[in-house]
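An overview of the molecular structure
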Amino acid sequence: MTLTQRAEPHDPPESDALLSVRELHTEFLREQAEPLRVVDGVSFDVERGKALAIVGESGSGKSVTVRSVLRLLPRTARTPSGEAWFHGRDLLSLSQREMRRIRGRNIGMVFQNAAEAMNPTLTLERQLTEHLLWHGICGKSEARERAVRALGDVGIPEPERRIRVYPFQLSGGMRQRAMIAMAMVTEPALLIADEPTTAVDVTVQRQILDLLVGLKDRGTGVIMITHDLGVARYFCDQAVVMYAGRVVEQAPTSELLDTPRHPYTKGLLGSSVEVGGQERPLLPIPGSPPDLAHRPAGCAFHPRCAQAESPRCQEEQELISIGDERAAACWKAETGR
Ligand SMILES: Nc1ncnc2c1ncn2[C@@H]1O[C@H](COP(=O)(O)OP(=O)(O)OP(=O)(O)O)[C@@H](O)[C@H]1O
């Protein structure tokens, strides 16, 4: 038995979710110091045909969470622990070889910057067709047809002609569309999008979101990392809020944005243009997120929280269920105080 195998066989959770992440922990190794835990017990589900938003300030662990599920972490990271069930298999227990077969084929990826996903030295045709051929999805002539169709589906005009260009010959918005086409050409069941609309202007943003809505309608499940609560409201059905590597609140997006329960979520909304509107002054959350190497005891948000009470908030705060669909990691959340 290798160290990565588990002593006990483990079964998928009783859920018909497309992806079920349970108790995900990720640590980075450091020289002459304890490993740094940056994702700490994160759990969530993604349903077919639904989108989940992951929101939170910079450094809260959003990207490391999805990269842990994708097993795309730098060498300095330990193999994540926990479970991530997808099509009956725990992604965290698969080899990198098996993951390479799943990434790009069954799970599509879209990043903020197309440069991260596309090879600047290859035409769109080469990139899209080789992607299909590598995954053994079809033969060469069908691959070209599918590639042209995928470019047309994401709204790239004259796809027959544009397929011959290099990524740098496209505008930012078109390049972002081409990256989505590449993510979707294999018709993956799950799409993971990390700030997919941050680098494009508002008009293109709306077009890209409408494109993603079309994918959801066809049954694709989506995880979207976003700083933009307006994007979350428009596109995502469910949301999780992360702070210092943990989920502090989860709820259907509209409920989370209309009636936030965790003081941190309230702070995020208060500092957001989308929720504050033009008339209300924006109220940034005082202070800054904690240094994870010196995580405050108990609720990591308590040093910044106007409602914190000692000693209760210095104790660990579990996620407390509020009704059937919501949970928040604050003892005050149940009452909505
Ligand atoms: N390669 C790494 N080595 C050590 N620490 C890392 C590494 N990558 C990320 N981290 C740390 O992990 C924590 C979470 O980072 P992550 O990128 O997931 O945050 P994020 O919420 O996605 O932020 P942003 O919105 O800015 O992308 C941060 O404290 C970050 O410094």
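Residues numbered from 1 in each chain as written. Predicted model: local features only at pLDDT ≥ 70, side-chain atom pairs only at ≥ 80, totals over all residues.

The name that an unreviewed UniProt entry assigns to the protein chain is ABC transporter ATP-binding protein, with the source organism given as Phytoactinopolyspora alkaliphila. The UniProt entry for the protein chain carries the following comment under Sequence similarities (unreviewed entry): "Belongs to the ABC transporter superfamily." Taken verbatim from the UniProt record of the protein chain, the Subcellular location (unreviewed entry) comment is "Cell membrane". (UniProt positions renumbered as here; feature names shortened; annotations may be inferred.)

A separate point is the nonpolar core. Where a protein is soluble and globular, its nonpolar side chains tend to be buried together. Grouped together as the largest cluster of nonpolar side chains are 87 residues, with contacts concentrated most on L151, A181 and V241. Among the elements that take part in this core, helix 7 (residues 172-184) stands out by supplying eight residues, more than any other. The contact partners of L151, leaving out residues within four places of it in the chain, are L124, I156, P159, R162, I163, A178 and A181. (Core = buried A, V, L, I, M, F, W, Y, C linked by C-beta atoms within 7 Å. Buried ≥ 20, exposed ≤ 12 C-beta atoms within 10 Å, placed from the backbone. Helix = DSSP H or I, 4+ residues; strand = E, 2+ residues; numbered from the N terminus. Contact = placed C-beta atoms within 7 Å.)

In the vicinity of the ligand lie 13 residues, with V38, S58, K62, S63 and V64 positioned nearest. It is helix 1 (residues 62-70) that contributes the most residues to the shell around the ligand, three residues altogether. Looking at the shell around the ligand residue by residue, the classes come out as five nonpolar, seven polar and one charged. (Near = placed C-beta within 6 Å. Nonpolar A, V, L, I, M, F, W, Y, C, P; charged D, E, K, R; others polar.)

With respect to the helices, strands and loops of the structure, D210 is situated in helix 8 (residues 202-217). With 12 C-beta atoms counted inside 10 Å, the residue D210 sits in the exposed group. Remark: the alpha-carbon pair of D210 and V154, spanning 56 residues in sequence, is separated by 9.8 Å.

Okay, the pairing of strand 3 (residues 51-55) next. Counting buried residues along strand 3, five of its five residues qualify, which places the element largely inside the surrounding structure. By the bridge criterion, four bridges tie strand 3 to strand 9 (residues 238-243) in an arrangement that is parallel. Looking at the pairing, V55 lines up with V241 of strand 9. (Pairing = 2+ DSSP bridges.)

Let us now look at the packing of helix 5 (residues 140-153) against helix 7. Contact pair helix 5 / helix 7: the axes reach a minimum separation of 9 Å and the direction vectors enclose 130 degrees. In terms of axis orientation, helix 5 runs oblique to helix 7. Two packed elements cross with a definite hand, and for helix 5 against helix 7 that hand is right-handed. Within the contact between the two elements, helix 5 uses A150, L151 and D153 and helix 7 uses A178, A181 and M184. Residues of the contact of helix 5 with helix 7, tallied by class, amount to five nonpolar, no polar and one charged. (Axes fitted to C-alpha atoms, helices over the stretch in contact; angles between N-to-C directions. Parallel < 35°, antiparallel > 145°, perpendicular 65-115°, else oblique. Left-handed = near helix turned anticlockwise from the far one by under 90°.)

This part is about the environment of S272. By secondary structure assignment, the location of S272 is in the loop between helix 11 (263-270) and helix 12 (273-276). For S272, a count of 19 C-beta atoms within 10 Å puts it in the partly exposed group. Distance from S272 to D45, taken between C-alpha atoms, is 26 Å for residues 227 residues apart in sequence.

Here the focus is helix 7. In an α-helix, one turn spans 3.6 residues, which is why side chains three or four residues apart end up on the same side. Across its 13 residues, helix 7 extends 18 Å between first and last C-alpha, which sits within 8% of the 18 Å expected from 1.5 Å per residue. Of all 13 residues in helix 7, eleven are buried; the element is thus mostly enclosed. Considered for burial, the residues of helix 7 that qualify are M174, R175, Q176, R177, A178, M179, I180, A181, M182, A183 and M184. (Expected span 1.5 Å × (residues − 1).)

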